[in-house]
Amino acid sequence: MIIIAGLGNPGPKYQGNRHNIGFMAADEIARRWSFGPERAKFQSVIREGEVETSSGRERVLLMKPQTYMNESGRAVAEAARFYKVDPSDVIAFHDEIDLAPGRFRMKAGGGAAGQNGVRSLISQLGPDFRRGRMGVGHPGEPQLVHGYVLSDFHKADQPWLEALLGAVADALPFAIAGDDDRYQAEVMRLAPAPKFSPRQAARGDG
C-alpha cells in the first residue's frame, strides 16, 4: 500500500488557492487512474485505487486531509498507522514557494522549509516521507507569503498548472515504483516549466 496525500485546506473558499495545489494533484490522480468514489475516513476525503507499474499493480490510498493544512499530519499518520505503512511509502504533494511556477521536485526527508503541512507531517511521521514539491513561485517579500498562497491562481497560470497536474498523474507509476529521480524527470519532460524567476509570479504575469 502506498499512501498519497494531497495537502490543502477544505471548503469552497480555498478551492482555487495556490496552497491547494496538493488537493488538485490528488483529484487529477484519481481521475487519471479511475480511483473509487470519495468517502470520509482518517479525518480526510479518501479514494482507493490501483496504479499499474512496471512490476505490477500497486494499491494506493489517496487522501485529502480535512484538518486544514497545519494539522495535515494527524490525518496522514492515522492512515499510516492503520495500514502499517512506513514513512517512505507516504508521498505528500504540496505547494512550494521556493520553486518557480510549474517546477517540480521530488524529495525524501529534510525539513519543512516553512510549509506548515509538511511541518505537521514531520511532527507525526518523522522526516522520512517523500514530498512532491509543486512550484507556485514567491511573492518577493516574506510578509506577503501568507496572502499569496491563500489567493487563487491567476488565469495566466492555468496552462502550466493544468500541464503540471496532468504530468504528475501520468508519470505516477515511477513514483509508486519508488523511482523518484525518474518520476521527477518524467514530470518535467511532460510539463516543462515556463521561464519565470521564482519571485515573478506575484506581479500577475505568472
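What counts, and at which threshold
- Residues numbered from 1 in each chain as written.
- Predicted model: local features only at pLDDT ≥ 70, side-chain atom pairs only at ≥ 80, totals over all residues.
- Heavy atoms only, no water.
- Helix = DSSP H or I, 4+ residues; strand = E, 2+ residues; numbered from the N terminus.
- Expected span 1.5 Å × (residues − 1).
- Buried < 20%, exposed > 50% of the residue type's maximum accessible area, 1.4 Å probe, protein only.
- Contact = heavy atoms within 4.5 Å.
- Salt bridge = Lys/Arg side-chain N within 4 Å of Asp/Glu carboxyl O.
- Phe/Tyr/Trp six-rings, centres within 6.5 Å; stacked < 30°, edge-to-face > 60°.
- Lys NZ or Arg CZ within 6 Å of the ring centre and 35° of its normal.
- Pairing = 2+ DSSP bridges.
- Axes fitted to C-alpha atoms, helices over the stretch in contact; angles between N-to-C directions.

Undergrad: How should helix α2 (residues 72–83) be read in this particular structure?
TA: Residue pairs spaced three or four apart in an α-helix point in one direction, given the helix's 3.6 residues per turn. Look at α2: 17 Å from first C-alpha to last across twelve residues, which is about the 16 Å you get at 1.5 Å a residue. Taken residue by residue, α2 has Ser-72, Gly-73, Ala-75, Val-76, Ala-77, Ala-79 and Ala-80 as its buried positions. Packed against the buried residues of α2 are β1 (2–6), β3 (44–53), β4 (56–65), β5 (90–96) and α3 (116–125). Once α2 ends, the next one or two residues include Lys-84, with phi positive near 55°.

Undergrad: For this particular structure, what's the right way to read the pattern of salt bridges?
TA: Where charged atoms of side chains with opposite charge meet at close range, the side chains can pair. Applying the stated criterion across every chain, the model contains eleven salt bridges. Arg-130 is the salt-bridge partner of Asp-180, the closest N and O atoms lying 2.5 Å from each other. Of this pair, Asp-180 sits in helix α7 (residues 180–190) while Arg-130 sits in strand β7 (residues 130–135), and the two are 50 residues apart along the sequence. Per residue, the accessibility class of Asp-180 equals that of Arg-130, and both read buried. Linked through salt bridges whose partners overlap, the residues forming this network are Asp-27, Glu-38 and Lys-64.

Undergrad: Is there a simple way to explain the packing of aromatic side chains in this structure?
TA: Working definition: an aromatic ring pair is given by the centre-to-centre distance plus the angle between the planes. Tallied over the full model, the rule gives six aromatic pairs. On the basis of an interplanar angle of 80° and a centroid distance of 5.7 Å, the ring pair of Phe-153 and Trp-160 is categorised as edge-to-face. Exposure class is identical for Phe-153 and Trp-160. Each is buried. Above the ring of Phe-82, the side-chain terminus of Lys-41 is found at 4.5 Å from the ring centroid. Lying over the aromatic face of Phe-129, Arg-131 brings its terminal NZ or CZ to 4.3 Å of the ring centre.

Undergrad: It is not clear to me how helix α1 (residues 21–32) should be interpreted in this structure. Could you clarify?
TA: In this model α1 runs 16 Å from its N-terminal to its C-terminal C-alpha over twelve residues, within 8% of the 16 Å that 1.5 Å per residue would give. In the segment just after α1, Ser-34 is the residue with positive phi, at about 50°.

Undergrad: Would you mind showing me how to read the sheet that holds β1 here?
TA: For sheets, the rule is that strands pair by backbone hydrogen bonds, running either parallel or antiparallel. Pairing within the open sheet is mixed, and its seven strands lie in the order β2-β3-β4-β1-β5-β7-β6. The strands lining the two open edges of the sheet, one partner per strand, are β2 (39–41) and β6 (104–108). Taking the axes of each pair of neighbouring strands and ignoring which way they run, one obtains an average angle of 30° across the sheet. Bridge count for β6 against β7 is five bridges, and the pairing is antiparallel. Bridge pairing links Phe-104 to Met-134 in β7. Sitting on the sheet, α1 is in contact with β1, β3, β4, β5 and β7, with an inclination near 145° to β4. Here α2 sits on the sheet in contact with β1, β2, β3, β4 and β5, set at roughly 145° to β4.

Undergrad: I would appreciate a short explanation of the pairing of β5 in the present structure.
TA: Looking along a regular strand, one sees the side chains alternate between the two faces of the sheet. With seven of seven residues buried, β5 lies mostly within the body of the structure. Pairing of β1 with β5 involves four bridges; the strand directions are parallel. In the sheet register, Gly-6 faces β5, and the bridge partner there is Phe-93. Two strands pair when backbone bridges link them, and β5 and β7 are joined in this way by six bridges, in the parallel orientation. Within the sheet, the bridge partner assigned to Glu-96 lies in β7 and is Gly-135.

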